[in-house]
Structures are given as C-alpha cells and as structure tokens.
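# Fold and geometry: a report
One letter stands for each residue in the lines below.
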Amino acid sequence: MFKRLFIILFVCFYSFSIHAQENEIEIIELDDIIISATRNPASLENISSSSHIISPVQIQSSASTNLGQILETSNILNISDYGPGGFAMASIRGSSSEQVLVLLDGQRINDSRSGVVDLNNIPLNSISRIEIVKGGNSAMYGADAVGGVINIITKNPVSSKVKAWSSMGSYSAYNWGIETSRTSDNVSGLVTLSQSKAEADFPFRDKFDREMIRENAQSKIRNIFGKINWNISSKADLRASGGHSYSVKGDPGPVGLYTPDASKKDKVNEIKTHFNYQPLSFFHFNVNIQGRKTSLRYINPKMPYPTDDTHKNRVMDSEFQFRFLPETKIPIIAGVYLRDEVMDSTALGIKKRETYSFYAQQEIKREFGQNPFRLKGISIFPAIRWDHYSDFNAGLSPKIGFLTSFGDENSLAFRGNIGISYRAPNMNDLYWPSDAFAVGNPDLNPETSLNADAGFYINVSQQSFLSYISDFRLGSTLFRNEFKDRIQWTPGPDGKWSPQNLSEATSTGLESELQIEIPFKQIPDFIFLGLNHNLLFAKDMLDRQLIYRPTNSLGYRLRIQNRDIWWQVGGSYQSRRYTTLQNTKWLEPYIKHDMQIGLERRVWKNLKAGFVFEIKNLFDTEYQMVADYPLPGREWRVKTSFGLEGD
Amino acid sequence: MQRVSNKLLAILLSLMLSVMLLGCGEDDEEDEEIIPEVSKAAYIINGLAETMSVFDIETNEMQNDVVTVGKWPNDIKIKENKAYVVNTGDNNVQVFELDGLTQVGIIDTGEFSSPEKIAFAGNKAYISCNTNNTTVAANLSSYQVTKTIDVGVTPWGVAAAGDKVYVCNSNAVFDLDTSAMSYGDGSVTVIDTSSDSVVKDIPVGINATEIVVSGSVVVVQCTGNYADILGQIYVIDSTSDSVTHTIDLNTTPYGLAISPDGNAYVTAFEGLIEVDLLSGSIGAPMADFEGGSGLAFDDDGNGYICVPDWMGSGNDQLLIMDASGNLAGTYAPGGGAGYVDIRE
C-alpha cells in the first residue's frame, strides 16, 4: 500500500516538474537576514552570535501546524516533546527550558508561573519566520536568555492577497485557515484565521511490549491574528497587531500513570502597538506597548490528585527605544523597558511583579581597504542591561561580542562572545503555597550563567570555487556556559521540599553546520543540503551528564526544487539521553526521517494553488523525547492551499 | 590562494564530519554490569537512580547500580532466593533471582494501581495499591494476580502474621478545595489469607504508613500530618486483632523495623529512635543515624539504615549500626537510597 502510494506520488511529482519548467514563477531566495541578534537587520555572517533562521520558505512548505513541530524537525534546538496533548519545550546549549527566552515580535512570552513556553500551543499560521540566537543574551533581552533566544516574527502584509488552506493527516488531524491581506499607499493590513483539531489516538508499545492506543491526546486549537501597518509619513510609522488563540486539549499522562480524564484549556489574548519615529537623520525612537492576557485551566477529576486549577496572567509591557547614529559605523541603541505583571492562580494566589530595565548596546565597526591579509572589517558589540524586579534581585548583565571578517564574496569570519546571563526564579519557585510536602522560597536569587563562545563562519559564493556549488557555508562554534545558583527543589529540616539556589553545572560543546547549494540551469539552489551537528557535554557538579541532554545530535535536510516544485527529506539523530540524575537510566538513541513533496504554481491568472504531502517519521521509528511519553510512528499529512494575489 | 582555501575547507569539513561520525557511535558501548556473588548481603533500592545496590555484609563492599529497576521503586523484600522490588510508577513488582540478579518475573498490579509495599504469606505476595484502595494477592509461582481485595483509603504498609495479612490504610487524600493533602484517621485491614477476604478493620491513628510483625504483635506506625500532629506507634495483638496500647514518638517518623531482640526502631530526621514495645518507652534519637529512611536488621542484630540524599548530590549513605547501637560503618549506596532488605 505504502509502496503504491509512493509510486503514485513520484509520478505526480515528475509530471508536475516537467510542466513547471514551462512556468515562470518567482523563486523565493533563502533568507539570511536576522534582526534578533543585534536589534538591527544583519546577515548571519555579520553578527557575533551563532544564529539561525527558519525561513518563510521552510514554514510555508511544511505541513506542520505548530511551532513545536517545526522546531523539532529543524534540529537547531533540543526539543523535549511530550507528544500530542502535551508540552513541547526548547533547550539550547545544555540549558533548561526555563533558560530559553521566547519572544513574539521581540516581546517576551515566557510564562512567569512556570518559566517556560509550550511550543505546541503556538500555531504557525501567523508566523512569518523564526530567529534563533544561541548563547547568553540577557545583556539585550533580560531574564531567561541564558541558553539562547527564540524570536517568533509574525507575518506582515506585503501584498494584496487572499489565501486559504486546509490539511488532513493521520489520526484524524485536520487544519484549515484563511489569510487575507490588503495593501495601499500608506496602510496595509492582514488577518489570519485558523483552526486545527486532531484525535492523536496513535498506537504505541508500552514498556511491557503491549500494543496500546494513546488515549486522551486529542486537541482543538483556534487562532485569529491581525496586523495593521500605517506609514504616517516618511519619518513615522505605526504598527498594531492583535491575536487570540484558544485551545482545548486532553492530557494523556505518562505511560502507566495515564490521566484519561484530564484536560487543559488555554486562552491567549494580546494586543501590541509599535510606533517608530525618525525626527532626525541621526536619531530614531520607537515605542512598543503590549498587553497580553493568558489563562490556563487544568482539570483532572480522578484520584489520587484531583485537580482543577486556573492560572491567569495579565502582562503590560512598555518599551521606549532610542537609536542614535543608525546609519554610521557606531550605531547606538538604548532603551527603557517596563513590565507590569499580575498572576491570579488558584494554586498560588494573586501575585504581582514589576520590572524596570535599562539597556544600551553599540556596534563599533572598522572597515579596512585593500590589505595583504584581505581583512575586511572588525566589529565589536558591547551591550549591557540593568534589570530591577519587585520580587527578586537581578542587577547588571554585560556582554561583549567581536567579529573579524576576511574577504568579500568568499568570506571567512571569526567571532565570539562573552557575557553574563540569568534566569528569573519563576512564581512556582517563589510562591508555592505551604502544603504537606513543599513550600516556595521568596528569597531565591536568579540562576546566573557565564557564557562564552568562539567560532568561525565561512561563506563561499564565488563561482570559481567548485563550479557546481553556488553557495557553501560552513560554521563551527565552541561554547562554554557555567551555570551558578541553579534553583533546585530540596527537602528542608521539616521534610518539606523547597527551592534553593544550590547547584552548579557547566555545558561545553561544539556546534557545527554546513550548507551547500548546487545550481541547475537558472535555479541557484536547485539542490540544498544542510547538515548540523551538536556535541554537548552538559555536566553537573559530580560530572554527570544532565538529564535529557544528548551528547550528540545531528540533523540534515536535503531539498531539491525545480522552481515551483520541491522534494525534501530531513532527519535528526539524538544520542542517549539520561533520565536519572545518576545517569543510570536513559532513552535509547534514535534517528528519525521526514519527507515532503510540494508544489505551488499559478493555475489561472492570479490564482495560485499549492500542495504539500508530508510523511513524518518515515521509517516508523519508535522513540521518546521524554521518558514514558510515546510519540507517534509514521504519520502522513496532505496540505492544499489556494491563493489569489491582487495587482 | 584558492588552492589553500580549498585545502582549508577540506580540512575543516573533514574535522566536522569526523566529530559527527565519532559522536554518533558513542552509544554503542554498553556499560558492563558486574553482578556481585554474595551470600549475606543488604540489597538497597536507590529511588533517584532507580537501581539496586548490593552491600556484601561479609566483605563490607558496596556495589552500586548493579541492576536497574522500575519507576519510583518504593519497597524491596527478600524471600528465599529472590528479591521483589515494588515499582509504584510502573504498576508492577519486579522479581529478581538473587544469584546473578536476573529478572525472572513481573507481577503486574494493573493500571492506576500505584503499588507501594509487599509482604509474603505462604506462596502468595500481598501488594498494597494506594491509588485504587486495594491490596492484590499474587501467586509467587506464576507471578499472576489472583485476587484484588478492597481495603481502606490509600493503603500503604503491609505485613503478614500467620494466616493473616495486615494492611495500613493511611487515609491520606488530596483535598481539591485546599489543593493539599489531608490525613484522616487511619485503619488496619485484616485479610484472611486462606480466602483472601477482609475479616476486620482496626481503627488506628493519623496517616498509618508502616507496619511490621514481631511474633504475635503487629506494630503500626502512624506518621501524623507532617505538621502539628506527630507520629505514634499502635501495637496490635494479632490473636485478638485489637490495639493494646499506643506509643507517642514525638516526631515525624519514616521507616520502621524490628530488631532480633524484639524492639522497634524508627527512623526520623533527628536520628534513629528505639521503641520498647512492651513498656512503651522511647529512647533519645541516636544522632549518628539522623535523616534515615528505610532500615532492616540482620539476624545478628546489626541494623542497616538508608539515608537518602534527595538532592541527588551523591551524599547518600548506608549506615550500619552494630548490635550495641553504635555506628559501625558508613558506606555510599546509589542515588536516593531509600529501602533495604537483608539476605541471610
């Protein structure tokens, strides 16, 4: 059956590819401009941090419906996925999930109660691109940017169009959505709506090798997002966006301790404005104001621990940012950030947190002319941030980065960073109410980390180099993080567990990536091969590997595209991940492959049609990312889309 | 220049690929487990590491993590030449042959059962299951559950005396209104092992968790509420199945065991407390043994006390108390060493 399906799809692909050559469809270039690393648009080779972009092309050509799924397949981060109905959280360079800052258009969305973001709960429909900056970055973004920063950039209205899509897949997974945008001289707007649901009743084998069906992993998610951009004048513009998402999910629980009646209801409402004004050529300022309300209700009526908790969070963010000398070689950015946060939780009560922050950063760049060493430029990126929280002490976070680049078309860059970052104690840590077993500790300090990295990046795009390669990129970064005052729950004299700033850890590793593009006729990236590898030694004070941190992880992506049609296969390997502190138990290594075939082509005048067929976990590998949370075997998904573009 | 660049690229590329290839093979090496050959030993369950350690009583040698056990192990008992490990998180009991420590069977106590403690009567094991308020009887030849017996609320400790099995019902329940545990009056359910039916419920104190048998006396430890209500010992006469007297412990106790001389010993944060079951007097906490959890005695009267380090910092201890009550040795078991039993 599977073989027959594959043959049919291959024939379809081949016939479409022949036909597609006759059509003149625009080629979407790979995007390598990143904003999050310096707050300014910069190419990946012109920044000091090791950074990655999940481009619009990758997002659009995926049948994934949420952020967790697409990050998992990228292998840029280490994802802990609890499977359908469960959480997905990110770890970077051996950090914990609380030590990864997640931003939505530059504004933090980490949950202050738990400190983490459930990536499975962020729909992809409103996302344009995802930027990932590795390494400590509290000097720019404040708390939780210890392992790195994930910045989710939402879509912008760039043309007048209407697009609708729907997908279906294994285990009764359905998704549909519509996006419409309109642009005029000064005002443009975009609205997206999407809804997805899945039963996720996939089969798995439990630890006694019994065939089971995962129950209560169903989900239903709806999402609305809108954005308006107003170019008030040549010197001022205003952007406003708002979103609403609501999800109802079952919570299947771990194998053996199933929670067949548990459910989660998640609601997020947010509104955001961004005003940018450039009164003078050497001075810009912008104001960002964001309001965000979240609500999570978790219900489990069954013994032994029946639960009905609701956690509501209301956040008001304001940021005033000043940019001096923006078009020079010494641009300065400084800002003030204010945050007011109120949590109303049936578990923790009503808690408030106020944050005041001041930050400043600069890029000092020196460019060189012709010289025997082909030295092109040297840049230094100093940054500092001071954070004050109403309920704990944070203080100063400094960082300095450097970049030395050689050559022009064929470039070599050496880069490095050193800085201090911290992770805020979350409200569970601080305010857990005293019960029979545990009590929070309001005297906690943040976890701190000294981060350092150094590496190189080679980009060869000159045709004289291996004529059959149009673009060659090779990068490698050695990093070391020293974590101090790690928050650890430990039993006190009365036997109650309480969090303390106790433990230390280090993570040392080497990240390497390789990207090759091979042209064919007029298509510069007819074949794309991406390969990345992470070597990680994340050790506690007793030199034991931290749990769920693989020593080796490897990812690959091979994409062949012929203008409007493409075929892609990608995969990831994770080595052994220990599940006990003592490294006595572990999850076995796994390698998993995904495959996609897709096309998008103009079918009539301005009407475009798209089709994606995806097989996840191609070889039906049994694997787990978190112990006792099985993940689905082979899954298929088909996505179709139609788009009508205006003039 | 171009040639040099190509060479440099080739070298870097080779290095990168070499690291990848070497790294991806690192898990092929399996750690070889050396199973100790012992005739008299303490078998320790390490709750954090989820492993078993073996302490050779004759040579005073500790071998850690000799075999992995299931999720959230909460009890170990030795019977004849087998060790039975109760895994609460896996809803099962693993059975290991002591010579070679090979797993020879699994008693599946069923979904949502959360088995906690085990005791033996004849060719049957009785396992308390604290999620579904039952105790299961299992055949020790087939490792199959033969009967599920309804007992009290949140059963915990279990012990056998003659043809009866005694199950502590802690009555510890999660209160949805306060989002906290509440502890009602405990009880002891008496099961007739010939019919595997309940014959009596004996009311005892708050949060009855541990139970041991000494001759015709059944000793029940009521832990209290971990706050203002402190622990008590209830002494039950197994012939009449009635409480004869109670003993205040003045602390929150954890483990309970009977020494060969018939006294009870209770582990607590302050130290090990000796309880004279006849007179009802308690000794001062022996500070050498503070922070203990599970404990067991050998036939010579030596006590083996587990002191777990729940932080996972590797400071777990097995303390050995000689028959005179002195600290005879300190050894390092695996992470979260919580429970111990002795092979004589």
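Note on numbering: residues in each chain are counted from 1, in written sequence order. Each chain gets a letter, beginning with A, and each ligand a number, beginning with 1, in the order they are written. Confidence filtering applies because this is a predicted model: local features only for residues at pLDDT of at least 70, side-chain atom pairs given and counted only at 80 or more, and all residues used for totals across whole chains, interfaces and linings. Side-chain metrics rest on all non-hydrogen atoms present in the structure, leaving aside hydrogens and water.

### Details of the sheet that holds strand β19 (residues 217–222) of chain B
All names here are of chain B. Pairing between two strands requires that DSSP report at least two bridges joining them. Going along the chain from the N terminus, every DSSP run of H or I of four or more residues is numbered as a helix, and every run of E of two or more is numbered as a strand. Taking strand neighbours across the sheet as the criterion, the 4 strands line up as β18-β19-β20-β21 in an open arrangement whose pairing is antiparallel. Each edge of the open sheet is held by one strand with a lone partner, namely β18 (208–214) and β21 (242–248). Each adjacent strand pair in this sheet contributes to an overall mean axis angle of 20 degrees, direction not counted. Pairing of β18 with β19 involves 6 bridges; the strand directions are antiparallel. When the sheet's bridge partners are listed, Ala208 is paired in β19 with Cys222. Every axis in this analysis is a line fitted to C-alpha atoms, fitted for helices over the stretch in contact. Angles between the N-to-C directions lie between 0 and 180 degrees.

### Things to note about the packing of aromatic side chains
Residues and elements named next belong to chain A. Pairing of aromatic rings covers Phe, Tyr and Trp, the last through its six-membered ring, and needs centres within 6.5 Å; plane angles under 30 degrees mean stacked, over 60 mean edge-to-face, and all others mean tilted. All told, the structure shown has 21 aromatic pairs over all chains when counted by the stated rule. Arranged with centres 6.3 Å apart and planes meeting at 20 degrees, the rings of Phe275 and Tyr277 form a pair that is stacked. Under the relative-accessibility criterion, Phe275 is labelled partly exposed at 27%. In this arrangement the basic side chain of Arg214 is found over the ring face of Phe204, its NZ or CZ atom lying 5.9 Å from the centre. Above the plane of the ring of Trp586 lies Arg576, whose end atom (NZ or CZ) is 4.0 Å from the centre. The buried label applies to any residue whose accessible area, calculated with a 1.4 Å probe on protein chains only, is under 20% of its type's maximum; exposed applies above 50%, and partly exposed to all values in between. Whether a charge sits over a ring depends on NZ of Lys or CZ of Arg being within 6 Å of the ring centre and within 35 degrees of the ring normal.

### Some remarks on empty space enclosed by the protein
Rolled over the atoms, a probe sized like a water molecule indicates the empty space that remains. Residues and elements named next belong to chain A. Of the grid points, spaced at 1 Å and generated over the protein atoms alone, those admitting a 1.4 Å probe that cannot get out make up cavities, while open sets with protein on both sides within 12 Å along at least five of seven lines make up pockets; any residue with an atom within 4 Å of a point is treated as lining. Grid points are joined across faces, edges and corners, and a volume is the space filled by probe spheres set on the points. Evaluated as defined, the whole model comprises 13 cavities of 30 Å³ or more. In this model, the largest cavity occupies a volume close to 540 Å³. The set of elements that each furnish at least two residues to the lining of the largest cavity consists of α3 (67–74), β11 (173–183), β12 (187–198), β15 (219–230) and β38 (635–645). Partitioned by chemical class, the residues of the lining of the largest cavity number 11 nonpolar, 15 polar and 8 charged. Gly is placed with the polar residues, together with every amino acid not listed as nonpolar (Ala, Val, Leu, Ile, Met, Phe, Trp, Tyr, Cys and Pro) or charged (Asp, Glu, Lys and Arg).

### Regarding the nonpolar core
Residues and elements named next belong to chain A. Residue types Ala, Val, Leu, Ile, Met, Phe, Trp, Tyr and Cys, when buried and joined through side-chain atoms within 4.5 Å, form a set referred to as a nonpolar core. The biggest cluster of nonpolar side chains holds 24 residues, and the ones touching the most others in it are Leu67, Leu71, Leu77, Ile130, Ile132, Ile150 and Ile152. At the level of elements, α3, β5 (88–91), β6 (100–104), β8 (127–134) and β9 (148–154) are the ones that each hand at least two residues to this core. Any two residues having at least one pair of non-hydrogen atoms within 4.5 Å are treated as being in contact. Setting aside its immediate chain neighbours within four residues, Ile130 contacts His52, Ile53, Ile54, Ile59, Leu67, Ile70, Leu71, Ile150 and Asn151.

### Let's talk about the interface of chain B and chain A
Accessible area lost when the parts come together is the quantity often used to give the size of an interface. Counting from both sides, the interface comprises 53 residues of chain B and, opposite them, 60 residues of chain A. Note on terms: buried area is the combined drop in 1.4 Å-probe accessible area of two parts once they are placed together, counting the loss on both. Of the roughly 4500 Å² buried between chain B and chain A, counting both surfaces, carbon and sulfur atoms make up 64%. Any carboxyl oxygen of Asp or Glu that lies within 4 Å of a side-chain nitrogen of Lys or Arg is treated as forming a salt bridge with it. Joining chain B to chain A, the criterion identifies 3 salt bridges. The salt bridge partner of Lys585(A) is Glu50(B), with a shortest N-O separation of 2.9 Å. Within 3.5 Å is the distance limit for a polar contact, defined as a pair of N or O atoms, with the added protein rule that one can donate a hydrogen and the other accept it, and that residues adjacent in sequence qualify only through two side-chain atoms. At the boundary of chain B and chain A, one finds 10 residue pairs in polar contact (both at pLDDT 80 or more). Among the secondary structure elements, those contributing two or more residues to the side of chain B that touches chain A are α1 (2–24), β3 (61–68), β7 (102–108), β14 (172–175) and β15 (180–183) of chain B. The element contributing the most residues to the side of chain B that touches chain A is α1(B), with 11 residues.

### Describing the pattern of salt bridges
Working definition: two side chains of opposite charge can pair if their charged atoms are close together. Residue and element names in this part refer to chain A. Summed over the entire model, instances satisfying the criterion amount to 39 salt bridges over all chains. The salt bridge involving Asp317 is made with Arg339; its shortest N-O contact spans 3.0 Å. Residue Asp317 is located in strand β19 (residues 307–324), and its partner Arg339 is located in strand β20 (residues 332–345); the two are separated by 22 residues in the primary sequence. The same class applies to Asp317 as to Arg339, namely buried. Across the pair Glu341 and Arg339 runs a salt bridge, and its minimum N-O distance is 3.3 Å. Taken individually, Glu341 and Arg339 each receive the classification buried, so the pair is uniform in this respect. A single salt-bridge network, built from bridges that share partners, covers Arg93, Lys134, Asp453 and Glu511.

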